[in-house]
Amino acid sequence: MNNYILQSLNRIKEPDSILTSSDFITLQQTLKQKKYALLPSDFIDFLHLYNGLSYNGLTICGIYPQDTYQNILTLNQKNKHPLHKDIVFLGYNETDFLIYNQKHNVYQMIDKADLQVLEEYTTFSNTLEYILKIEDE
Amino acid sequence: MASGKSNKSIKNSPEFFSDEPLTVEERILDTLQQKHSQTLITDFSELEDTLSECLSSLPPEEIRQAEDIISELLDKYYNGDRDVPQKQRFLKREEHKQNLISALKNYGISYVEKYHYPLSYEEKHIIRMDFYGRINKPRINMLSRLYKACLRNKFSDEDEEENESQIIHKKKKKKHAHQNFSTSQYSHREYPLSDYDLNISKAWGLFRLFPRFHNLESKMLKTIQSMGIPPELLSQLSVYDYSDILYRTFRKSEKSPDAHLFLGARQAFVKDVFKKNEQWIRNYLTRQNVHPRYIDALMKMAQGKGILNDINIASDDDTFMSEFATFHNKEFQEFIIENIRSDNYADEIRNQIQNNSFTIEGPALHFLQNTKNQFKQAIKKQLLETNYLDALYYQFNRQIPFYVLDDIKTFLKSNEEDFSLFLSEMKISQKTKKIIKDFPNKIKPQNWKTIEKYLLTHQDDFYVHLLDNSRSPEYARFALQSLSETPILTDFGKDIVFSFLSANKDTIAKIFPQETLKKIEQNGLTDEVLLSVTPFIKQNFSFFKKYVQNNNILTFNELQNELIETRKLIIQNGSMPDSMNNLNKGFVLSHTSIFKDWYINFHTKQYKENASQTYEQISLNGINASNIKTCSHFIKERLSNFIEYAEQYNIPSAEIIKTFKEDNLINNQNICGIAHDFITKYSSAFKSFLLQKHLEQKENNFEVMIKNIKQNGITEKNAGNIHKFIIDNQALYVEYQKKNKLINPLTDQIYENIINNRSNEQEKSILKDYLNQNIFNYMIFQQDDTQLFPYVKGIIQNIKHLHIDSTEQHWLRAFTQKNPEKFKDFMVSQQYISEDKGNDLIKSIKQTKKNLKITFKDGYVLKLKMTVHHKKAIKDSGELAQNLKSIAEINNFSNLCVFIDFWHTIIHSLDSKEPLEDKERFVARLEPTDDNMVIYGGAKKEDQLSYNYKNDNRTIKYNKKLSHQQAIISGYTNE
């Protein structure tokens, strides 16, 4: 994640993550067991800084012990996608989901109702750029 | 919910939904189910399980093959054709879908498109009751058979019996299946209350999701008991049966068309929505160009009372009054002038000042507000004066900069013998070494004085010592100057000291010898005299301070210049006082680029000299251990050139590379010699290399220093550089001080403190001084037309442009109160007052913050406020809006709506649709969980606000146990 995006993120919220490596390992194991795609490495980097984030109506999920909608595992269990082996749900807003497509190695914003791909990004930085609506200052 | 085998109904509904007729989609699906033996799916998400079931009979290889085909088609459908460019990827989406569907058909799976399942009628029914807090009398045909049977046993209500008997009669005629339903099976008798357990009722489970219904349980159970409904029947009752029970529990009379379940339900909802989404609604209405005053009023009403109609916009009274004053422009002007001339503010203020318990109110407050800018200027001047006195104080208590102290220490060390002789002459028994060691922090005052004497007598030696230690002559002069204790004052400073001394002649005569007095009289304030009177002023500085304050005749700008001059002298001749740290920090940080340039370059000359010296040493003595690193670095940077150069000595390039790679130059005499020649040949390049290295180092140091200044301000580490920078850039420093506005926030704060009677003693004295000095000015102002007329003209202009401040407000109110009849006439003529009261006279006009209350003599009271009419604030979709069609019909809504106002529609709905290319599209989609309330403000995405029922604190308590959707799903599946 480049400095520019980090600065923009810092403006929204101070880094608050206290997740440890074991949290990630456990989550990845569970995702694998439940036949979901695994979390990509740059998203894990983000989780090391922020355990989830809510901004501009969009929630990026994190790792929480409770059975909440901010929890990645809960989000994946509560929502179904025909290609669930290839994808993992990462966040949502009122109308869309943010997912990672492991097969094509891209982040996608998909429509909640018909799961149609609306936007596609190659890296999580690009995704954040779009989500945070970062513009050149 | 969406898939099922052919032998299953599409909606596996519990019994309490049994009365609900099948939807069109369900009917289609049911027909399909009968005709085909294929498995139906309505959602591809269910495909995995269905596919594995359908393929189970096939051999494993074929299963894998089929799965691969389907998975590839799914991928194409969802992720598009990855072989084509991104823009064209989804062009064939529909084609891919059809391929998928036909492939699925081959494996015995039929896909039926289903757009959306709306909430069931029962759920909507409950939400509607919860929203309105009211329940209509349920129609008899909505009730379940069992419940009706119970009713027949208990009640003898004629209408009901008639209705029921009619229904039963008809049903008997039709020989309906339940005609033999035995009423005796559930004959009326009272069961103990404890036998009733609502947990077994799924229909009541839905009610329980709404806390307010949950709270009604105990009351309702009593009704159920009195109705004699058998406890085991609770599980069979439908939502409408419970509605009927609720209706019976809460109706006012048997013939009431409806019953109120709980009060303020709608209000609570509106309050909640407006409290949680205030900013969104404000933004939305602002986008619609709604007047801010209207939005404020709406927010207040919605958040406070939970209602949206009959909004009273707080009337902008000033607008009426300013229109009135503008209407009677001439009279208004005369009124102001006359009032100013005849008032006795000056006397009143004088009385107030004399009063010990002095608070700012009445005329004084009015006077201060009237002369706000002037008063602020006076405060600023006071603050400047304080700064100036600080600067003077410092001049009388001068300190030697710590970096000069360092030099003194080294000087004493290098002249230890001489200094020890001097000490013995002064008969000081302490050891010289200890004194030098203790210097400057632990040193005793008497020794300190001795050192000063020593330095003063050895000024020339000290000067030479500084030059020897590569200090510049400028610095050396500065260091000598800083040793002097004599205050360095401006001319004005000297004048004021002199007049202070003259004013205290008698006291001085007792302290000082006659000679000094004579000298003062004859020569004025020479440096010698100043030095001798310094201790006296230091001791009596508080008196001196008061004297300066009382005898300061400088204007604001003059005082500012004086302060800048004094500070300049301080900076030039001594250390920087702590009181100037903020100023200096601000100066440096606002001129960082200049500071950087100065910092890196001010030693360039010295570095050049150093570089030349280093080079000369190398050229004389050759490369040795002390300079090998630098030389090696220099050659490494231009190794290819060096290799070319070395070719004439037949040195193989590999050897050279190896030597420099291993940093082994010192051990290779051959190459070392050639390197020496190389450096000598390119001496200028080598010198500039050395210089560059220095500068790079400096640049790095600078970054660290600026960071340090930002974090810690001015510290001992950076003070030296900053001090020198300021001395070298004095013009810039003066300019910065003139533009510096650090004083403004402080001034504002003091002004506010005084106006609000929160002032401390110092601020009070500022105020008293100001009032004392300005009353006379005010009295002049009262009589001087050249001052008065522009003042009045300014007020009139401000009123005309509606720039109404407290001054304008004061005059407007005074004018309106003096001319109530005219005001009334004006209001009537402008049709602000619709009731014409003929010749009735106004008794009084009372002004509050929000209203203007006009009381007429006959007792009629008129409160001026503007009302915006919102007759149709909250509307059910079923009701009619004015003479238009049903609101729901107009807006394609099928459920509850909240209209915030008629023009700016915000609708609250359970599920809302809009027509889109002959299909129905859900504008405000329902969340997959339980967000079944939506605020809808328009077709644009940003105008849509979803209301999450889950987060509503009225339901949150229950959501912890079971979410709304989960409850419904369990209601479907458990059965």
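All values reported here derive from a predicted model rather than from experimental measurement. (Residues numbered from 1 in each chain as written. Chains lettered and ligands numbered in written order. Predicted model: local features only at pLDDT ≥ 70, side-chain atom pairs only at ≥ 80, totals over all residues. Heavy atoms only, no water.)

**Here we look at the overall build of chain A**
Inclusion rule: Helical segments are the DSSP runs of H or I of at least four residues, strand segments are the runs of E of at least two, and each set is numbered from the N terminus. For the exposure calls, accessible area comes from a 1.4 Å probe over protein chains only, and a residue counts as buried if that area is under 20% of its type's maximum, exposed if over 50%, partly exposed in between. Computed with a 1.4 Å probe, the accessible areas rest on the Shrake-Rupley method; for each residue, only the protein chains presented here act as cover.
Regarding its fold elements, chain A presents 5 helices and 6 strands. Starting at the N terminus and walking to the C terminus, you meet the elements of chain A as α-α-α-β-β-α-β-β-β-β-α. Going through the 137 residues of chain A one by one, you find that 54% of them count as buried. Accessible surface computed for chain A: about 6,600 Å², of which carbon and sulfur atoms make up 47%.

**What about the overall build of chain B?**
Applied cut-off: Any pair of residues with heavy atoms lying within 4.5 Å of one another is described as a contacting pair.
Along its length, chain B carries 49 helices and 16 strands. Among the 975 residues that make up chain B, the fraction classed as buried is 45%. Sequence-distant contacts in chain B: of pairs separated by 6 or more residues, those separated by 24 or more amount to 70%. Of the roughly 53,500 Å² that chain B leaves accessible, carbon and sulfur atoms contribute 47%.

**Describing the environment of Asp784(B)**
Residue and element names in this part refer to chain B. In this fold, Asp784 is placed in the loop between α43 (761-783) and α44 (785-800). Relative accessible area serves as the criterion here: at 23%, Asp784 is assigned to the partly exposed category. When the C-alpha positions of Asp784 and Arg341 are compared, they lie 9.5 Å apart, and in sequence the two are 443 residues distant.

**So, the sheet that holds strand β1 (residues 53-55) of chain A**
Residue and element names in this part refer to chain A. The criterion, for reference: The rule for pairing is simple: two strands pair if DSSP sees at least two bridges between them. Convention adopted: a line fitted to C-alpha atoms gives each axis, helices being fitted over their contacting stretch, and angles between N-to-C directions are expressed from 0 to 180 degrees.
Spatially, the 6 strands line up as an open sheet ordered β1-β2-β3-β4-β5-β6, and their pairing is antiparallel. Single-partner strands in this sheet number two, and they are β1 and β6 (117-121). Strand-to-strand twist in this sheet, taken as the mean axis angle between neighbours without regard to direction, amounts to 30 degrees. Bridge count for strand β5 (residues 106-111) against β6 is 4 bridges, and the pairing is antiparallel. Its bridge partner being in β6, Met109 is matched across the sheet by Glu119.

**Observations regarding the confidence of the model for chain A**
Interpreting fine coordinate detail is not advised for predicted regions of low pLDDT. In plain terms, the rule: Per-residue confidence from the prediction method is given by pLDDT, with values spanning 0 to 100.
Taken residue by residue, chain A gives an average pLDDT of 83. The fraction at 70 or more is 89%. Within chain A, no element has a lower average pLDDT than helix α1 (residues 3-12) of chain A, which sits at 78, and none a higher one than strand β3 (residues 87-92) of chain A, at 92.

**Let's talk about helix α10 (residues 217-227) of chain B**
All of the buried residues in α10(B) are Glu217(B), Met220(B), Leu221(B), Thr223(B), Ile224(B), Gln225(B) and Met227(B). In the stretch just after α10(B), Gly228(B) is the one whose phi turns positive, near 70 degrees.

**Brief notes about the pairing of strand β4 (residues 96-101) of chain A**
Residue and element names in this part refer to chain A. With 6 of its 6 residues buried, β4 lies for the most part within the structure. Of the two faces of β4, both are covered, the one formed by Asp96, Leu98 and Tyr100 as well as the one formed by Phe97, Ile99 and Asn101. As paired elements, β3 and β4 share 5 bridges and run antiparallel to each other. The residue bridging Val88 from the neighbouring strand is Tyr100, located in β4. Where β4 meets β5, 6 bridges bridge the pair, whose relative direction is antiparallel. Note that in β5 the partner of Asn101 across the bridge is Val106. Hairpin connection between β4 and β5: a loop of 4 residues separates the two successive antiparallel strands, and Asn105 in this loop has a positive phi of roughly 55 degrees.

**As for the side chain of Glu120(A)**
Test applied: Polar contacts, as used here, are pairs of N or O atoms within 3.5 Å; protein pairs need one atom able to donate a hydrogen and one able to accept it. Residues neighboring in sequence count only if both atoms are side-chain atoms.
Assignment of secondary structure puts Glu120(A) in strand β6. A distance of 2.8 Å separates a polar atom in the side chain of Glu120(A) from a polar atom in the side chain of Arg82(B). The residues touching Glu120(A), leaving out its near neighbours within four places in the chain, are Val106(A), Tyr107(A), Gln108(A), Arg82(B), Gln86(B) and Arg89(B).

**Comments concerning the nonpolar core**
Generally speaking, nonpolar side chains in soluble globular proteins are found buried as a group. Rules: Here the nonpolar core consists of buried residues drawn from Ala, Val, Leu, Ile, Met, Phe, Trp, Tyr and Cys, with membership extended through side-chain atoms lying within 4.5 Å.
With 59 residues, the main nonpolar core has Leu39(A), Phe43(A), Phe46(A), Leu47(A), Ile60(A), Phe44(B) and Leu104(B) as its most contacted residues. A per-element tally of this core places helix α3 (residues 60-79) of chain B first, with 6 residues. Leaving out residues up to four positions away in the same chain, Leu104(B) has contacts with Ile41(B), Phe44(B), Leu47(B), Leu51(B), Ile70(B) and Ile109(B). Core analysis: the next-biggest nonpolar cluster, separate from the first, contains 46 residues, Phe396(B), Ile496(B), Leu501(B) and Phe536(B) among them.

**Section: helix α28 (residues 514-523) of chain B**
Residue and element names in this part refer to chain B. Selection rule: Note that the arc is computed from the directions linking the helix axis to the C-beta atoms.
Along α28, the residues that are buried comprise Thr516, Leu517 and Ile520. Around the axis of α28, the buried residues are gathered within 100 degrees of arc, so they sit on the same side. In α28, the exposed positions that point more than 90 degrees away from the buried face belong to Gln514, Glu515, Lys518, Gln522 and Asn523. Next to the buried residues of α28 lie α26 (491-503), α27 (505-511) and α29 (527-539). Gly524 lies just past α28 and shows a positive phi near 75 degrees.

**Focus: the pairing of β5(A)**
One face of the sheet, then the other: side chains in a regular strand alternate in exactly this way. Counting buried positions along β5(A) gives 6 out of 6 residues, so the element sits mostly inside the fold. On β5(A), burial covers both faces: Val106(A), Gln108(A) and Ile110(A) on one face and Tyr107(A), Met109(A) and Asp111(A) on the other are all buried.

**Description of the packing of aromatic side chains**
Describing an aromatic ring pair means giving the distance of the ring centres and the angle of the ring planes. All names here are of chain B. Put simply, the rule is: Side-chain rings of Phe, Tyr and Trp (the six-membered ring for Trp) are treated as a pair once their centres are within 6.5 Å; stacked means planes under 30 degrees apart, edge-to-face means over 60, and tilted covers the remaining angles. Working rule: Lys NZ or Arg CZ, within 6 Å of ring centre, within 35 degrees of ring normal, means a charge sits over the ring.
The tally for this structure, following the rule as stated, stands at 51 aromatic pairs over all chains. Taken together, the aromatic side chains of Tyr615, Phe634, Phe642, Tyr645, Tyr649, Phe660, Phe678, Tyr682, Phe686 and Phe689 make up a single cluster linked through ring pairs. In this structure, Lys376 is placed above the aromatic ring of Tyr751, and the distance from its NZ or CZ to the ring centre is 5.2 Å.

**Here's the deal with the pattern of salt bridges**
Residues and elements named next belong to chain B. What counts here: A pairing counts as a salt bridge when a side-chain nitrogen of Lys or Arg comes within 4 Å of a carboxyl oxygen of Asp or Glu.
Scanning the model with the defined rule gives 11 salt bridges over all chains in all. Here Glu217 makes a salt bridge to Arg208, at a shortest N to O gap of 2.5 Å. By relative accessible area, which is 12% here, Glu217 ends up buried. With a shortest N-O distance of 3.8 Å, Lys596 and Glu699 are connected by a salt bridge.

**Thoughts on unusual backbone geometry**
When glycine is set aside, most residues are seen to have a negative phi, and most peptide bonds are trans. All names here are of chain A. Unlike most non-glycine residues, Lys35 shows phi in positive territory, near 65 degrees. Summarising the element assignment, Lys35 is placed in the loop between α2 (21-33) and α3 (41-49). In this model, Asn105 sits at a positive phi of 55 degrees, which is unusual for a non-glycine residue. Locating Asn105 in the fold gives a position in the loop between β4 and β5. The class of Asn105 is partly exposed, set by a relative accessible area of 47%.

**Focus: the packing of helix α34 (residues 604-621) of chain B against helix α39 (residues 683-712) of chain B**
Residue and element names in this part refer to chain B. Here is the rule: Reported orientations rely on four angle classes, namely roughly parallel under 35 degrees, roughly antiparallel over 145, roughly perpendicular from 65 to 115, and oblique for the rest. Two helices cross in a left-handed way if the nearer one is turned anticlockwise from the farther one by less than a right angle. They cross in a right-handed way if the turn is clockwise.
Relative orientation of the contacting elements α34 and α39 amounts to 135 degrees, with a least axis distance of 9 Å. The angle between the axes of α34 and α39 places the two elements in the oblique class. Crossing hand, α34 versus α39: right-handed. Residues Thr604, Tyr607, Lys608, Ala611, Ser612, Thr614, Tyr615 and Ile618 of α34 lie in contact with α39, whose contacting residues are Ser683, Phe686, Lys687, Leu690, Leu691, His694, Leu695 and Lys698.

**A look at the environment of Ser218(B)**
All names here are of chain B. Assignment of secondary structure puts Ser218 in helix α10. A relative accessible area of 49% means that Ser218 is categorised as partly exposed. For the pair Ser218 and Leu193, spaced 25 residues apart in sequence, the C-alpha to C-alpha distance is 9.7 Å.

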